[in-house]
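# Overview (structure and organization)
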Amino acid sequence: METEERQRFFNSDREPEPSEIETLLGKDASRRFHCLDTFLKSGYDALRELKFPFGSHYGWSYKYSSKGKMLCYVFFEKDAVTVTVTIGKGDLPKLEKQLPQLLPRTRQLWENRYPCGDGGWIHYRVLSDDELQDVIKLICIKKKPKASVPA
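In what follows, the accompanying structure is described. (Residues numbered from 1 in each chain as written. Predicted model: local features only at pLDDT ≥ 70, side-chain atom pairs only at ≥ 80, totals over all residues. Heavy atoms only, no water.)

### Things to note about the overall build of the protein
A tally of helices and strands in the protein yields four helices and eight strands. Each helix (α) and strand (β) of the protein, taken in turn from the N terminus, gives the series β-β-α-β-β-β-β-α-α-β-β-α. The buried share among the 151 residues of the protein stands at 44%. Long-range pairs, those at least 24 residues apart, make up 56% of the contacts in the protein with a sequence separation of at least 6. Accessible area of the protein: about 8200 Å², with a carbon and sulfur share of 49%. (Helix = DSSP H or I, 4+ residues; strand = E, 2+ residues; numbered from the N terminus. Buried < 20%, exposed > 50% of the residue type's maximum accessible area, 1.4 Å probe, protein only. Contact = heavy atoms within 4.5 Å. Areas by Shrake-Rupley, 256 points an atom, 1.4 Å probe, with all protein chains shown as cover.)

### Some remarks on the nonpolar core
In this structure, Leu40, Tyr64, Val83 and Ile139 are the most contacted members of the largest nonpolar core, which totals 36 residues. Of all the elements in the fold, those that place two or more residues in this core are helix 1 (18–44), strand 4 (61–66), strand 5 (69–77), strand 6 (80–87), helix 2 (92–98), strand 8 (119–126) and helix 4 (129–142). With nine residues, the single largest contributor to this core is helix 1. Not counting residues within four places of it along the chain, the set of residues in contact with Ile139 comprises Leu36, Leu40, Tyr44, Leu71, Cys72 and Val85. (Core = buried A, V, L, I, M, F, W, Y, C linked by side-chain atoms within 4.5 Å.)

### Overview of the packing of aromatic side chains
A full pass over the atoms with the stated rule returns seven aromatic pairs. Measuring from centroid to centroid gives 5.8 Å for Phe33 and Tyr62, while their planes differ by 20 degrees, and the two rings are stacked. Placement of the pair is Phe33 in helix 1 and Tyr62 in strand 4, with a sequence separation of 29 residues. Tyr62 matches Phe33 in its accessibility class, with the two residues each being buried. A ring pair is formed by Tyr73 and Phe75, whose centres lie 6.3 Å apart and whose planes are at 25 degrees; its orientation type is stacked. Overall, Phe75 belongs to the buried group, its relative accessible area being 0%. (Phe/Tyr/Trp six-rings, centres within 6.5 Å; stacked < 30°, edge-to-face > 60°.)

### Re the sheet that holds strand 7 (residues 114–116)
Strands pair in a sheet through their backbones, by hydrogen bonds, and they do so in one of two ways: parallel or antiparallel. The six strands lie next to each other as 3-4-5-6-8-7, forming an open sheet whose pairing is antiparallel. In this open sheet, the two edge strands, each paired with only one partner strand, are strand 3 (47–51) and strand 7. Put simply, the sheet's adjacent strands are angled 25 degrees from each other on average, direction ignored. Pairing geometry for strand 7 and strand 8, over three bridges, is antiparallel. Along strand 8, the bridge assignment pairs Pro115 with Gly120. The sheet strands contacting helix 1 are strand 3, strand 4, strand 5, strand 6 and strand 8, and the helix crosses strand 5 at an angle near 165 degrees. Each of strand 6 and strand 8 touches helix 3 (residues 104–111); the most contacted strand, strand 8, lies at about 140 degrees to it. (Pairing = 2+ DSSP bridges. Axes fitted to C-alpha atoms, helices over the stretch in contact; angles between N-to-C directions.)

### Side note on helix 1
For helix 1, spanning 27 residues, the distance from its first C-alpha to its last is only 22 Å, which falls clearly below the expected 39 Å at 1.5 Å a residue. Along helix 1, the largest kink reaches about 115 degrees and is centred on Gly26. Looking one or two residues past helix 1, Asp45 carries a phi angle of roughly 50 degrees, positive in sign. (Expected span 1.5 Å × (residues − 1). Bend = angle between axes of the 7 residues up to and from the residue.)

### Structural notes on the pattern of salt bridges
For the coordinates displayed, the defined rule picks out 12 salt bridges. Between Asp45 and Lys146 there is a salt bridge, with its nearest N and O atoms 3.1 Å apart. Note that Asp45 is positioned in the loop between helix 1 and strand 3 and Lys146 in the segment after helix 4, a separation of 101 residues in sequence. Here Asp45 falls in the exposed class, since its relative accessible area comes to 55%. Across the salt bridge formed by Asp134 and Lys137, the nearest N and O atoms sit 4.0 Å from each other. Note that Asp134 and Lys137 are positioned in helix 4 at a spacing of three residues, about one turn of the helix. Owing to a relative accessible area of 3%, Asp134 belongs among the buried residues under this scheme. For Lys137, a relative accessible area of 33% translates into the label partly exposed. One connected set of salt bridges, linked through shared partners, spans Arg31, Arg32 and Asp129. (Salt bridge = Lys/Arg side-chain N within 4 Å of Asp/Glu carboxyl O.)

So, in structure tokens, the structure goes:
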């Protein structure tokens, strides 16, 4: 593990062990991560893969996908997770409808998103349970979970 602005696992030659991930996350972030992980697995039967997706500025993450559709990436940090979510053109009407009910921080992240076509990417550093709920709402906009799973 190397140190940058935020501590993450930046060495592409060595996959982090689950115990190392837990230690880096710390108690609160680990609890939030497990909540998100449980939601993704139960709501989407999501496949979780350890990846080094975007190079040395991002580090290791879990990629979650469901039936070939990428749901999000979850990057491990000291005392936090950063969730990367894309919203495509087809999902913009659903997002625009829900945006007023989301946290001011979520709205700001969307306004300052990395553009991709008509939609974009946001990198959401989750530091509270309310922020985690907004991340879950964004994922639900992207793909509706199974009916039996609360968002």
